[in-house]
Amino acid sequence: GGAFRRSGNHLTHIAVLARLGQLAELLDRPEEARDAFREFRALALDAGLPSLTALADGGLASMLSLLGEAEEAAVLADEAVRLSAEGFSPAITGYAAVAAGLVAFRAGDRAGGEAQVREAIGRFVAVGFHGAAVNAWIHLGRAWAELGAEGAADAVRCADAAVAAAERGDQPGFLARA
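Everything numeric in this text was worked out from a predicted model, so none of it was measured. (Residues numbered from 1 in each chain as written. Predicted model: local features only at pLDDT ≥ 70, side-chain atom pairs only at ≥ 80, totals over all residues. Heavy atoms only, no water.)

**Some remarks on the overall build of the chain**
Item 1. Counting its secondary structure elements, the chain contains 10 helices and 0 strands.
Item 2. Walking the chain from its N terminus toward its C terminus, one meets helices and strands in the order α-α-α-α-α-α-α-α-α-α.
Item 3. Burial analysis of the chain (178 residues in total) assigns 43% to the buried set.
Item 4. Summarising the internal contacts of the chain: among those between residues at least 6 apart in sequence, 55% fall at separations of at least 24. (Helix = DSSP H or I, 4+ residues; strand = E, 2+ residues; numbered from the N terminus. Buried < 20%, exposed > 50% of the residue type's maximum accessible area, 1.4 Å probe, protein only. Contact = heavy atoms within 4.5 Å.)

**Considerations on the side chain of Ser-65**
Item 1. Looking at where Ser-65 falls in the secondary structure, it is placed in helix α4 (residues 50-66).
Item 2. Here Ser-62 takes part through its backbone oxygen, which lies 2.9 Å from a polar atom of the side chain of Ser-65.
Item 3. Those residues in contact with Ser-65, other than ones at most four positions away along the chain, are Ala-73, Leu-102, Val-103 and Arg-106. (Polar contact = N/O pair within 3.5 Å; in protein donor to acceptor, adjacent residues only side chain to side chain.)

**Notes on the layout of surface pockets**
To find leftover empty space, one rolls a probe the size of a water molecule over the atoms.
Item 1. For the largest pocket, the calculated volume is near 570 Å³.
Item 2. The wall of the largest pocket is formed by 27 residues, among which Gln-22, Glu-25, Phe-37, Tyr-95 and Asn-135 lie closest to the centre.
Item 3. When contributions to the lining of the largest pocket are tallied by element, the ones reaching two or more residues are α2 (11-26), α3 (30-47), α4, α6 (90-106), α8 (130-145) and α10 (172-177).
Item 4. Counting residues per element, the lining of the largest pocket draws most heavily on α2, at 7 residues.
Item 5. Taken together, the residues of the lining of the largest pocket break down into 17 nonpolar, 7 polar and 3 charged. (1 Å grid on protein atoms, 1.4 Å probe; cavity = no way out; pocket = protein on both sides within 12 Å on 5 of 7 lines; lining within 4 Å. Points joined across faces, edges and corners; volume = space filled by probe spheres on them. Nonpolar A, V, L, I, M, F, W, Y, C, P; charged D, E, K, R; others polar.)

Here's what the structure looks like:
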């Protein structure tokens, strides 16, 4: 990482950290994902890139909420939503909304949190970003599953929606994941 910091070109390092965070998340390694997203955020802030900061904030907020660090997660989710509104990317706005929804859900606002995630899913589908819709459904299903028996039926509903989204988007890789 030092070479990227010395050169002032953080973009390659940012891309690697973003992907490392996503992969750690997929492999159910939330602490590693948190650390990657935290470093991604530091570099995005350093580079003065609000859209990438919004992505990093969203990823970090999601992991922090999963790890029970609700206060910091809420602050970062709010920042992700605020920064994403400054840009023009429905994908970044969607990712921020997913993070904010998951944070709200895990903080006890299940209906409001799910509504935010569903709104993001609608944005993803509208621009043909079906893989992101699949991931959002998977994350929401995981949040329901964390509730145990109480959330089991909703977790299955979300899993079914993830499969349907993958089929609609003709996304074989995401279909296998869903």
